[in-house]
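So the chains spell out like this:
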Amino acid sequence: MAQVSLQKCDSYDPERLYELICSSLAGIGFDVRNFSGKTVLIKPNLLVGVGPEKAVTTHPEFFRAAARVVVENRGRAVVCESPAITSLSKALKKTGMADIVEEFGLETADENDSTVLLHEGENQFKRFEISRAAAQADIILSLPKLKTHGITYITGATKNLFGLIPGLQKSRWHMKAPTPESFADFLLDFNEALHTAFEPPKTFIHLMDAVVGMEGEGPGPSGTPRHIGAILAGTDALAVDWVAVKVLGLPLEKVRTITEGFARPCFVSSEKEIEVVGQRPESFGIKDFRPSKNTFFSNMWRGPLATRTVRNLFTEKPVPQEEKCVLCYECLKICPAHAIDKKRGKAKTPSFDHKICIRCYCCAEICPEAAISLKKGSLQWLLPR
Ligand code: SF4
Ligand code: SF4
């Protein structure tokens, strides 16, 4: 049985967060004294370096409260994250976490120092490069932000660990696993590898910041902040995500990491094995949460069987908007398919080659100006809703 603590929290008041995080950990049977003498890897979501008001990243006060619990209990706290296109130190500064790192004397992991994680099992993906600091930690304290996602439907506990893979390697995984199905399989394989490849096994704690989450075109700056008012905690990432989706009132069958994850030995095998401690998910009364529109129509048309022509006709294509683009070329840096080039002639935006674009939407996710909109394919209106 996996316990998931679900508590109401209406603000980022530091003291309130601290109390709730302590009681959440107690609720799932984790004694905070277990942090003592352990190397605790704190993994916030720092997708891009933007301010907390955008709800793209774990809120700095949430990060502060979690770090305080570790440090007060004499854990050795190491902050680890590999933002998509910027350095960890820049992302910490822009998100307001750098001062907290200094205040508590936290260590930061070298995001360029990685090691190989091999997963022996009957799975599709077996070899992963991960941060060495993650490989060396005793406890992984993951701090996911609850947001929508165009490919995985939500980004929560299962997906937050993706950030243990160094920088641009993450976008390369979109080439290796280009469909929503294969990407979910990859995430599950990766989670499984993290659980089985180390001896002794690591302890995983997922503390989810769902005080203000994100709806609409998440998980980057194009999404819309949405007050949810929840903090979740658990040691089973799938169970935490399951409860989060129940809180949002979204259909569980859309989240492949949940439906397929039940078959993976490192997670609970059914919802019957999830015990919610604290509030009931329905008590949040959320009935109008907006998922990403991108997940409604066209996931099936992105697959490897779809020809380029079919993809162009039936899937949304990323299109930069002149009025917002500042030509920073962050999109060019992250594109795993090399489908983005510098602007041509008098154009005011980078040049996108939609014939080779694999529709991973990494560019839209990380564009700091939310300047990349998704334009429907010309025959997409034919698809059933
Ligand atoms: S589309 Fe966004 S990421 Fe790309 S150059 Fe313009 S502002 Fe930068
Ligand atoms: S252009 Fe954007 S959506 Fe297309 S492959 Fe590149 S990053 Fe992915």
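The rules behind the values
- Residues numbered from 1 in each chain as written.
- Chains lettered and ligands numbered in written order.
- Predicted model: local features only at pLDDT ≥ 70, side-chain atom pairs only at ≥ 80, totals over all residues.
- Helix = DSSP H or I, 4+ residues; strand = E, 2+ residues; numbered from the N terminus.
- Rg over C-alpha atoms; globule rule 2.2 N^0.38 Å.
- Buried ≥ 20, exposed ≤ 12 C-beta atoms within 10 Å, placed from the backbone.
- Contact = placed C-beta atoms within 7 Å.
- Near = placed C-beta within 6 Å.
- Nonpolar A, V, L, I, M, F, W, Y, C, P; charged D, E, K, R; others polar.
- Core = buried A, V, L, I, M, F, W, Y, C linked by C-beta atoms within 7 Å.
- Domains from an automatic or database assignment.
- Arc of directions from axis to C-beta.
- Axes fitted to C-alpha atoms, helices over the stretch in contact; angles between N-to-C directions.
- Parallel < 35°, antiparallel > 145°, perpendicular 65-115°, else oblique.
- Left-handed = near helix turned anticlockwise from the far one by under 90°.
- Expected span 1.5 Å × (residues − 1).
- pLDDT = per-residue confidence, 0-100.

**What to know about the overall build of the chain**
Move 1: From N to C terminus, the chain includes 14 helices and 16 strands.
Move 2: For the chain, whose C-alpha radius of gyration is 20 Å, the value lies close to the compact-globule estimate of 21 Å for 385 residues.
Move 3: For the chain, the spread of C-alpha atoms along the principal axes amounts to about 60 × 45 × 40 Å.
Move 4: Expressed as a percentage of its 385 residues, the buried residues of the chain come to 50%.
Move 5: In the chain, the share of contacts with a sequence separation of at least 24, taken over all contacts with a separation of at least 6, comes to 76%.

**So, the site of ligand 2**
Move 1: As a structural note, the neighbourhood of ligand 2 is formed by 14 residues, with Cys-335, Ala-337, Cys-357, Cys-360 and Cys-363 the closest of them.
Move 2: A class-by-class count of the residues in the shell around ligand 2 yields 13 nonpolar, no polar and one charged.

**Re the site of ligand 1**
Move 1: Around ligand 1 there are 14 residues in total, and Pro-320, Cys-325, Cys-328, Cys-331 and Cys-367 lie nearest to it.
Move 2: Class assignment of the residues belonging to the shell around ligand 1 gives a composition of 11 nonpolar, one polar and two charged.

**Topic: the nonpolar core**
Move 1: Judged by nonpolar contacts, the single largest core of 111 residues is most densely connected at Leu-41, Ile-42, Ala-66, Leu-141, Leu-232, Ala-244 and Cys-363.
Move 2: In terms of residue count, the dominant contributor to this core is helix α9 (residues 237-248) (10 residues).
Move 3: For this core, the domains that each give at least three residues are domain 1 (2-284) and domain 2 (294-382).
Move 4: Ignoring sequence-local partners within four residues, the contact set of Leu-41 consists of Val-78, Cys-80, Ala-133, Ala-134, Ala-137, Ile-139, Ile-140 and Leu-141.

**Details of the environment of Arg-172**
Move 1: Mapped onto the fold, Arg-172 is located in helix α7 (residues 169-176).
Move 2: We classify Arg-172 as partly exposed; it has 14 C-beta atoms within 10 Å.
Move 3: Taking the C-alpha atoms as reference, Arg-172 lies 8.4 Å from Cys-335; in sequence the two are 163 residues apart.

**Considerations on the domain arrangement of the chain**
Move 1: Domain annotation of the chain identifies domain 1 (2-284) and domain 2 (294-382).
Move 2: Its C-alpha centre places domain 1 at a distance of 27 Å from the equivalent point of domain 2.
Move 3: The partner domain 2 presents 21 residues to the 22 residues of domain 1 that form the contact.
Move 4: Its residues assigned to classes, the side of domain 1 that touches domain 2 shows 13 nonpolar, six polar and three charged.

**A word on α7**
Move 1: Listed in full, the buried residues belonging to α7 are Ser-171, Trp-173 and His-174. Around the axis of α7, the buried residues are gathered within 145° of arc, so they sit on the same side.
Move 2: Looking at the packing, one finds that the buried side of α7 touches α8 (180-196), α13 (330-334) and α14 (362-366).

**Some details on the packing of helix α1 (residues 14-27) against helix α2 (residues 60-72)**
Move 1: One way to put it is that α1 packs onto α2 with a least axis distance of 9 Å and a crossing angle of 55°. The pairing of α1 with α2 is recorded here as oblique in orientation. Crossing geometry of α1 relative to α2 is assigned as right-handed. Along its contact with α1, which presents Pro-14, Leu-17, Tyr-18, Ile-21 and Cys-22, the element α2 presents Glu-61, Phe-62, Arg-64, Ala-65, Ala-66, Arg-68 and Val-69.
Move 2: Residue composition of the contact of α1 with α2, grouped by class: nine nonpolar, no polar and three charged.

**Describing the environment of Leu-146**
Move 1: Note on placement: Leu-146 falls in strand β8 (residues 145-149).
Move 2: What makes Leu-146 buried here is the crowd of 31 C-beta atoms within 10 Å.
Move 3: Separated by 202 residues in sequence, Leu-146 and Lys-348 place their C-alpha atoms 34 Å apart.
Move 4: Non-local contacts of Leu-146, meaning those with residues more than four positions away in its chain, are made with Ile-154, Gly-156, Met-208, Ala-210, Gly-213, Ile-228 and Ala-244.

**Considering α1**
Move 1: Over its 14 residues, α1 extends 20 Å from the first C-alpha to the last, a length consistent with the 20 Å expected when each residue adds 1.5 Å.
Move 2: Against the buried residues of α1 lie β1 (2-8), α2, β10 (203-216) and β11 (223-234).
Move 3: Immediately beyond the C-terminal end of α1, within one or two residues, lies Gly-29, with a positive phi of roughly 80°.

**Observations regarding the confidence of the model for the chain**
Move 1: Summing up the model confidence of the chain, the mean pLDDT is 92 and the portion of residues at 70 or higher is 93%.
Move 2: Note on residues 296-301: pLDDT under 50 across the span, and 14 contacts to partners over four residues away in sequence or across chains.

**Some remarks on unusual backbone geometry**
Move 1: With an omega of 0°, the peptide bond running from Glu-199 to Pro-200 counts as cis.
Move 2: The residue after Gly-218, namely Pro-219, is reached through a cis peptide bond having omega 10°.
Move 3: Here Pro-219 shows up in the loop between β10 and β11.
Move 4: Look at Tyr-153: it is not a glycine, yet its phi comes out positive at around 75°.
Move 5: Tracing the backbone through its elements, the reader meets Tyr-153 in strand β9 (residues 153-155).
Move 6: Not every positive phi belongs to a glycine, and Tyr-329 is a case in point at roughly 65°.
Move 7: Here Tyr-329 shows up in the loop between β13 (317-320) and α13.

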